[in-house]
Structure formats: structure tokens, C-alpha cells
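# Examination of the molecular architecture
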Amino acid sequence: MLFNSHAFLFGFLPVVLLAYFAAARRGREYGNMVLALASLFFYAWWDTRYLPLLLASIAGNYACSLQIRAAQGVARKRWLVAALAGNLALLAWYKYAGFFAASVAQATGWNVPVLHIVLPIGISFFTFTQIAFLVDTARGHVSESRFLHYLLFVTYFPHLIAGPVLHHGDMMPQFADEKNRWPRAENFAVGATIFFIGLGKKVLIADNLAPYANVLFAGPQDVSLLVAWGGVLAYAFQLYFDFSGYSDMAIGLSRLFGVQLPLNFASPYKATSIMEFWRRWHMTLSRFLRDYLYIPLGGNRRGPARRSANLMATMLLGGLWHGAGWNFVIWGGLHGLYLVIGQAWRGVAQRMGWHGGRAGALAGWALTFSAVCVAWVFFRAPDLQTALAILSGMLGGHGVQLPATLGAHFGGLKAALDTIGIGWYQGGTARFIETWAWVVAAGAIAFTMPNTQQIMHRFAPALDAFDATADRPRLAMRLAWQPARRHAMLVGALAVLGVLSLNRPTDFLYFQF
């Protein structure tokens, strides 16, 4: 079931809200039971065949967590290793078996049968969530382990199929909070506002950018520089507004029930270094990879060489987590390389006493954003050949060309452009103009506007609220939301526009991961 569908907005959500608060009046656990059952129904709506898999995963991991908690010393470690192996084996079968079989067949020429395995939606997210729970249980960090709360923690429908990746320490105490038994006007006002901001990002911006990205990745042969960059930037902003829109919608939905989710985005395209980008993009996954992979590998505790190796390993596995394919491995490897270079440059700059100033920050932002866009090509392209063709165009391998119809309006400027080697092609004028118009509009919002957290900062919109006014204090303060008529009208208009656009519901890009 999609958040941006009539069935969800006008059927599932109002029914669950009414049932939840009616049940919670009798007791907190009754409300939790309703939420858990509703979450299972939400998951089964996609495909009932995979509901038993989800329930078996939850039951098995919960049983293992009890064994880990009861065991001591080596026995505890053995239970943890066995539980982790089970989770990874499940993930490997559904997500990577087909990829490895195809790779082996291609490398050896063996006649390996093709595996047609349907990837259960959300398996990466609910598997990672439970792995973190098991590791923290072994470390002695789990203080509350009621099965109903664990079931709800894993299946909670606002986050179930595309995150944010939750931490039990943040969520399970909230499921036990008696304050959430009653509907509160502030929660509904704040939650609905965040939700409709997210819906607007998805249906009004991301979905309108999609066609301009799709046409490039469907046929990138001999594409010229501006056309290539236009399509890649369209995808970069489509992914940003799609995924951050989904995260906003998840945070807003959860707030209706009085439960706060963690932030997942903090204007990542404003980052001035690749390290800062990863602190702002898909924040919950970045923290998971840091806490449960990078740090256990040794982090930066054993010198620069080991740190670089750990960064590369973490990002390669992070890339493979996103999808079973060599393009995702290359995407992860590129980001690992970016991080290694970024850390090395930071060390050199510190030794030189160079702080950069505004010019340095601007150069850092341009370099970071360009590098991220180059990596997105591998992330989005269906195969390596397509990615290399687009990169060739982005580097000017097929020259710089503009639509001939557009050139006819340039007057004397056209002759000047001819002298510097600008070429002209027939057809595609409307698409060229629309692509760059959408890219410029989306870029202006992403680069200059406060994000949802900053707009809602007066009302603690998420668990890990930060200093929302630090980036751009004046604009963030001017646009800060408050329960007033003017803001209600703006959000109402946004909601109407969003709902009117539901006649073309589209999947969220991160559902496939």
C-alpha cells in the first residue's frame, strides 16, 4: 500500500487512527495490538505470500534475543553469531542468490539455471532493524523486550518498507508511553503538516522530474553534454525529493500516533564535503553502517591505512545492500574512494592550517555535489554500458549541442556559439527546456530553502532534532511553521494539490531496496 494512494489516505489511515485511539482508551497495550495488526495488514496488502516470512523472521529473531539475553560468555557469542548468520542467509538468498548465480555463469561459462526470486518488499529494512536489536542485546543494551513491543518495533507501518531504520532504544519506550493513549491536537497539526510537505515533495516535484531522467537512462547513446547533465540532475533531484518526501511522510504519519521517528535527511545537497553529505543523507542507514560495521571493523583507531580500508569495506557493503548488481558495487566503491580522499585532504588542510573560508566552502560544495551526481549515474543505470555512455556525454565526449529551434531565437549570439564549437540538433526543444526548467526549480528549493526539520523546528518534529536555524537563520525563522491561519491555509493548499495529483500514484524509489 502506497502512502500516496487513495486507499491509504481515505481508507486505511482514518480507520487505523479511529481503531487505535478507541482501543488505547482501554489500555496502552490494546492500542499497540491494533497498531501491530494494522501494520501486518499494511504489509500483506502488497503480497500476502510474504507475510509468513516476515512473521517467521520476527519470531525467530525474538526467540534468539531471549537466548542471547539468558546466555553468558561464549554461549552468548555463539547465539549471536548463529542469529546473525540466519539473518544474513535469508537476505543473501532473496537479494543476492540470483546475482551471484548470474555472475558465476558469466565468469565460468557454466550453465547455471536462472533464479527467478521475487524480493520481499522491505526485507533489507526489517532485517537490518533486527540485526541491530540482536547486537545490542548481546552488548547488554536492551532493557525492554515485551514481544508485542518488539513486534510493533519491527512492523510499525510508517517505517516498515522503506525506513527510516529504527533503533529499539528510541522506539520501544515510546510504545510504552501512556501519554500516547490519547489523540492530541498538536500531534495532529504537526504530523499532518509534515506529511503533506512530504507528499508535496513526492507528487509535485519528484514525479514531475521522473520522465526527464527516465528518457536519458533509457537511451543514452551519443548524448551531448547538456542533455546528459540535464537528465542526471533530473534524477539526482528526483531521488532526493522522492526519498526525503517518503521520510517526511513516515515521520508525519507516526506523529499522528504520538510517536516520533528519527530524521533521515538534513539538506544533503548543501554539504560542503563528502563526509558531511553522509551525515545528512539517509542518516539512519549511515548511523547503522557506522555503529554496526565501520566501528566494529576498527573505525579510525588503527591508523590512516586501516581507516581507509574500513571506509572502503563499509561503503562497498553499503552499495551491495542497496542492490544486487555490479553498478551498486561501483557506486559504493566510488563513495568509499571519495571518503578516503576527503579524509586525506582534511588531514593535509589541518597540517597546513588552511580553513578555506567562503571560497573553499563553495568549491567544496561544487566538488561534493558533482561527485555525488557522477556516482548516481551508476546507482540509476540498468547496466554498466549505459552508465559509461552517460558519463561519456557528461564529460563532453559527444560535444556540446543545443536544439536548433532554440538557436533560431538567439540572433547574433548563435554565430558566436558556432565559433566556439556549439552544435545544433533537430527536435527535442520542448524536452530540453522543460528538463532544465524543472532542474533549476528543484535545485533552487534544495539549495536555498529550509528543510522540513527547519520549518517545523519549534515543535520537535523528530527524535534527534538539531539546531534547525544554524544553516540559514533568517529564512528558517521567517518560514517557521506555527499554528496560525496563514500557515493553515498554506498547508491546506499544499494538501489539496497533493491529493489532486494522486490520480497517478507511483512507487517510491527506495521500495526496491
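Residues numbered from 1 in each chain as written. Predicted model: local features only at pLDDT ≥ 70, side-chain atom pairs only at ≥ 80, totals over all residues. Heavy atoms only, no water.

Here is the rule: UniProt positions are given in the numbering used here, feature names are shortened, and annotations may be inferred rather than shown by experiment.
The name an unreviewed UniProt entry assigns to the protein is Probable alginate O-acetylase AlgI, from the organism Pseudoduganella lutea. The UniProt entry for the protein carries the following comment under Sequence similarities (unreviewed entry): "Belongs to the membrane-bound acyltransferase family." Under the UniProt heading Subcellular location (unreviewed entry), the note attached to the protein is "Cell membrane".

## What to know about the overall build of the protein
Operational definition: We count a stretch as a helix when DSSP gives it H or I for four or more residues in a row; a strand needs E for two or more, and each element gets its number in order from the N terminus. Only the C-alpha atoms count toward the radius of gyration. The rule for a globule is 2.2 Å times the residue count to the power 0.38. Each residue is assigned to one of three classes by its accessible area relative to the maximum for its type, calculated with a 1.4 Å probe on protein chains only: buried under 20%, partly exposed between the two thresholds, exposed over 50%. Whether two residues are in contact is decided by their heavy atoms: any pair within 4.5 Å suffices. To be clear on the numbers: accessible area is Shrake-Rupley with a 1.4 Å probe, and residue cover counts the displayed protein chains and nothing else. As used throughout, the charge tally considers Lys and Arg to be positive and Asp and Glu to be negative, leaving His and the chain termini uncounted. Think of each charge as sitting on NZ of Lys, CZ of Arg, CG of Asp or CD of Glu.
Helix and strand counts for the protein come out as 21 helices and 2 strands. For 513 residues, the compact-globule formula gives about 24 Å, and the C-alpha radius of gyration of the protein, at 24 Å, lands near that figure. When its C-alpha atoms are laid out on the principal axes, the protein stretches across 80 × 65 × 55 Å. Residues classed as buried in the protein amount to 53% of the 513 residues present. The contacts of the protein with a sequence gap of at least 6 include a subset with a gap of at least 24, amounting to 74%. Accessible surface for the protein amounts to roughly 22900 Å². Of this, 65% is attributable to carbon and sulfur atoms. If the 39 positive side-chain charges of the protein are averaged to one point and the 21 negative ones to another, these points end up 6 Å apart.

## Section: the side chain of T386
Of note, T386 is situated in helix α15 (residues 384-394). Judged by relative accessible area, which is 11%, T386 ranks as buried. Once you skip the residues sitting within four places of it in the chain, T386 turns out to touch F217, P220 and A381.

## Considering the UniProt feature "transmembrane region" (unreviewed entry) in the protein
What UniProt calls "transmembrane region" (unreviewed entry) maps, in this numbering, to residues 6-23, 52-68, 80-102, 114-135, 147-166, 223-241, 311-341 and 361-379. Measuring from the first to the last C-alpha atom of residues 80-102 gives 31 Å, for a span that is 100% helix and 0% strand.

## Remarks on the packing of aromatic side chains
Quick note on the threshold: Here a Phe, Tyr or Trp ring, Trp counted by its six-membered ring, pairs with any other such ring whose centre lies within 6.5 Å, and the pair is stacked when the planes are under 30 degrees apart, edge-to-face when over 60, and tilted otherwise.
Applying the stated criterion across every chain, the model contains 58 aromatic pairs. Here the aromatic rings of F243 and F265 are separated by 5.0 Å at their centres, their planes lie at 85 degrees, and the arrangement is edge-to-face. Of this pair, F243 sits in helix α9 (residues 225-256) while F265 is found in the loop between α9 and α10 (274-280), placing the two residues 22 residues apart along the sequence. Judged by centre distance (5.7 Å) and plane angle (15 degrees), the ring pair of F277 and W281 falls under stacked.

## Points about the environment of I117
Tracing the backbone through its elements, the reader meets I117 in the loop between α4 (73-108) and α5 (123-138). On the basis of relative accessibility, which here comes to 24%, the residue I117 falls in the partly exposed class. Apart from the residues within four sequence positions on either side, I117 is in contact with W93, Y94 and A97.

## Things to note about the packing of α4 against helix α12 (residues 303-322)
For clarity, the cut-off: To define axes, lines are fitted to C-alpha atoms, for helices over the stretch in contact only, and angles between the resulting N-to-C directions are given on a 0 to 180 degree scale. Note on angle classes: values under 35 degrees are labelled roughly parallel, values over 145 roughly antiparallel, values of 65 to 115 roughly perpendicular, and the remainder oblique. Three classes are used, and their members are as follows: Ala, Val, Leu, Ile, Met, Phe, Trp, Tyr, Cys and Pro are nonpolar, Asp, Glu, Lys and Arg are charged, and the others, Gly among them, are polar.
Axis separation between α4 and α12 bottoms out at 10 Å; the angle between their running directions is 100 degrees. As the angle between them shows, α4 and α12 are arranged roughly perpendicular. Packed against α4, whose contacting residues are K95, Y96 and F99, the element α12 presents L320, W321 and H322 at the interface. For the contact of α4 with α12, the residue count by class is 4 nonpolar, 1 polar and 1 charged.

## Some remarks on a nonpolar patch on the surface
Note the cut-off: Exposure above 30% relative accessible area and the lack of any salt bridge qualify a residue for a patch; like charges then connect within 9 Å, and the nonpolar side chains Val, Leu, Ile, Met, Phe, Trp and Tyr within 5 Å. Any carboxyl oxygen of Asp or Glu that lies within 4 Å of a side-chain nitrogen of Lys or Arg is treated as forming a salt bridge with it.
A surface patch of nonpolar side chains, amounting to about 440 Å² of accessible area, comprises W345, V348, M352 and W354. As for its placement among the helices and strands, M352 is situated in helix α13 (residues 326-352). Residue classification places M352 among the exposed residues on the basis of a relative accessible area of 57%.

## Quick look at the pattern of salt bridges
The final tally for this structure, using the stated rule, is 11 salt bridges. Among the ionic pairs, K414 bridges to D418, the shortest N-O distance being 3.5 Å. Note that K414 and D418 are positioned in helix α17 (residues 412-419) at a spacing of 4 residues, about one turn of the helix. Among the ionic contacts, a cluster of salt bridges with common partners joins K202, D207 and D242.

## So, the nonpolar core
Soluble, globular proteins show a tendency: their nonpolar side chains are buried together. Note the threshold: Remark: nonpolar core denotes a set of buried residues (Ala, Val, Leu, Ile, Met, Phe, Trp, Tyr, Cys) joined through side-chain atoms within 4.5 Å.
Counting 88 residues, the largest nonpolar core has F3, F8, F153, Y156, F157 and F257 as the members making the most contacts within it. Per-element tally for this core: the top contributor is α5, with 10 residues. Non-local contacts of Y156, meaning those with residues more than four positions away in its chain, are made with L35, S39, M171, F175, S254, F257, V259 and L261. Core analysis: the second largest hydrophobic core is formed by 54 residues, V223, W281, M394 and L509 among them.

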